[in-house]
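Chain by chain, the residues:
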Amino acid sequence: MTFYDGIYPFYPETITPFIFNLKLLTVILVFLVAAATFIVVLPGIRGKARLFWMFRMTLSLFIGTVIVAVNFTSDWAAASVKANTTYKSFSSAFVSAEVGLHVGLSGINVTLKGDPLEQLNETIDYNEEFSWTDVLDKDYTDALERGLPNPILYIAEKFTLDSPCGLYYLYRYSGRYASATMWTAFCCWLVANILFSLPVILYAGYMMVATGTFIFFSLASFATIQNIPACSFTIGTASFQISFSISFWLSLATGVLCFLIGAVVVILDILMPEKMRETFNMDVDDSDEDSYLSEGYMNTAFLDEVTTLPPVRLIEVKRSEKL
């Protein structure tokens, strides 16, 4: 055992846990760059339009970020439990750890964190990803070859094709349809933002309602996992069941927000269309523009000279100006 630095001899590879989803990081960076761009443009807008424009952009970026980011998060559903459990195969050693399961639209993450972190002369801190992209059995086989701890293998086995729980098909296909409708909501969000910059505010409101509607469809697709008997997960003497988590509730809140924004815009556009067009196409406050134009300098000596000219001479000046 000491030859492999604490890893059992039949496990030739060192263990590299999944650290962070690079796709999610890319989405966050893209929207941060977009937000920074709007902040740079902001000083060029004068008057009340600046605050209204900043509010619109911030709210719109928040909605767009949520719609895209939840496609790559791993916490649509989650569960965790603290238990004393066997650590690895062919060993009677027990560890005290917190085991967690995080389900996303594209796969699952299984975590194992020791309590305390240092046990059995090693650091127990795992975060392993199993994706739906390929058959999860392949990832499970790789996990067996790498010699991952028993709790991680136990949970991953529940999502294999041969598992009697049938979780693989349920979560994979519900996640696939949820992701498809969420991307449709993103397309509606893009169209709504384009229409808000045009004098067709009513249709922009309709597209915001459509955005919220497709988000609700996505949530309904993922919620079908509750239609079958729950599969019990038992770690040591403790057990847990999966329930909806942060991404699900955040998507629900975003869908309600989109629906309310769209409904308010549609109602106000029907009641006061001219006011809505003036509000959404307002670039510069009128009072500020008038005060800006009122400031200036005039050559009064030139005006006095023109007014003192005789009528004939004044006509000649006007003719020369026309030429």
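Throughout what follows, the structure given in this document is the object of discussion. Here the structure is a predicted model, which is why all the values come from computation and not from measurement.

**Structural notes on the environment of Ile63**
Then, number 1: Summarising the element assignment, Ile63 is placed in helix α2 (residues 48-69).
Then, number 2: The spatial distance from the C-alpha of Ile63 to the C-alpha of Thr254 is 6.4 Å, given a sequence separation of 191 residues.

**What about helix α4 (residues 150-157)?**
Then, number 1: For α4, the tally of buried residues reaches six of eight residues, placing the bulk of the element in the interior.
Then, number 2: Residues of α4 that are buried include every one of Asn150, Pro151, Ile152, Leu153, Ile155 and Ala156, and no others.

**Here's the deal with the side chain of Ser221**
Then, number 1: Mapped onto the secondary structure, Ser221 falls in helix α6 (residues 201-222).
Then, number 2: Setting aside its immediate chain neighbours within four residues, Ser221 contacts Ser174, Tyr177 and Ala178.

**What to know about the packing of aromatic side chains**
Then, number 1: Inspection of the entire model under this criterion finds 21 aromatic pairs.
Then, number 2: Ring plane angle 25° and centroid distance 5.4 Å describe the contact between Phe186 and Trp189, whose orientation is recorded as stacked. Here Phe186 pairs with Trp189, and both are found in helix α5 (residues 167-196), just three residues apart, close to one helical turn. Exposure class is identical for Phe186 and Trp189. Each is buried.

**What about helix α1 (residues 22-41)?**
Then, number 1: With 20 residues, α1 should reach 28 Å at 1.5 Å per residue; the first-to-last C-alpha distance of 29 Å fits that figure.
Then, number 2: Every buried residue of α1 is listed here: Leu24, Val27 and Phe31. Down the axis of α1, the buried side of the element spans an arc of 65°, and every buried residue falls inside it. Turned more than 90 degrees from where α1 packs its buried face, Leu22, Val30, Leu32, Val33 and Val40 sit exposed.

**Observations concerning the pattern of salt bridges**
Then, number 1: For the coordinates displayed, the defined rule picks out one salt bridge.
Then, number 2: Arg146 is the salt-bridge partner of Glu128, the closest N and O atoms lying 3.3 Å from each other. Residue Glu128 is found in strand β4 (residues 122-131), and its partner Arg146 is found in helix α3 (residues 136-146); the two are separated by 18 residues along the sequence. Residues Glu128 and Arg146 agree in their burial class; the two are buried.

**What to know about the sheet that holds strand β7 (residues 243-244)**
Then, number 1: Spatially, five strands are ordered β4-β3-β2-β1-β7 in an open sheet, and the strand pairing comes out antiparallel. The open sheet has two edge strands with one neighbour each: β4 and β7.
Then, number 2: Pairing of strand β1 (residues 77-86) with strand β2 (residues 94-103), which is carried by 10 bridges, proceeds in the antiparallel orientation. Paired with Ala83 across the two strands is Ala97, which belongs to β2.
Then, number 3: On the sheet, α3 packs against β3 (107-119) and β4 and is oriented at approximately 160° with respect to β4.

**Let's talk about the nonpolar core**
Then, number 1: Ranked by internal contacts, the top residues of the largest apolar core, which has 69 residues, are Leu101, Ile108, Phe130, Ile155, Phe159, Tyr171 and Phe222.
Then, number 2: Element by element, the count of residues in this core is highest for α5, at 12 residues.
Then, number 3: Sequence-distant contacts of Ile155, that is, excluding residues within four places in its chain, are made with Val99, Leu101, Val110, Phe233, Ile235 and Phe240.

So, how was this worked out
- Residues numbered from 1 in each chain as written.
- Predicted model: local features only at pLDDT ≥ 70, side-chain atom pairs only at ≥ 80, totals over all residues.
- Heavy atoms only, no water.
- Helix = DSSP H or I, 4+ residues; strand = E, 2+ residues; numbered from the N terminus.
- Buried < 20%, exposed > 50% of the residue type's maximum accessible area, 1.4 Å probe, protein only.
- Contact = heavy atoms within 4.5 Å.
- Phe/Tyr/Trp six-rings, centres within 6.5 Å; stacked < 30°, edge-to-face > 60°.
- Expected span 1.5 Å × (residues − 1).
- Arc of directions from axis to C-beta.
- Salt bridge = Lys/Arg side-chain N within 4 Å of Asp/Glu carboxyl O.
- Pairing = 2+ DSSP bridges.
- Axes fitted to C-alpha atoms, helices over the stretch in contact; angles between N-to-C directions.
- Core = buried A, V, L, I, M, F, W, Y, C linked by side-chain atoms within 4.5 Å.

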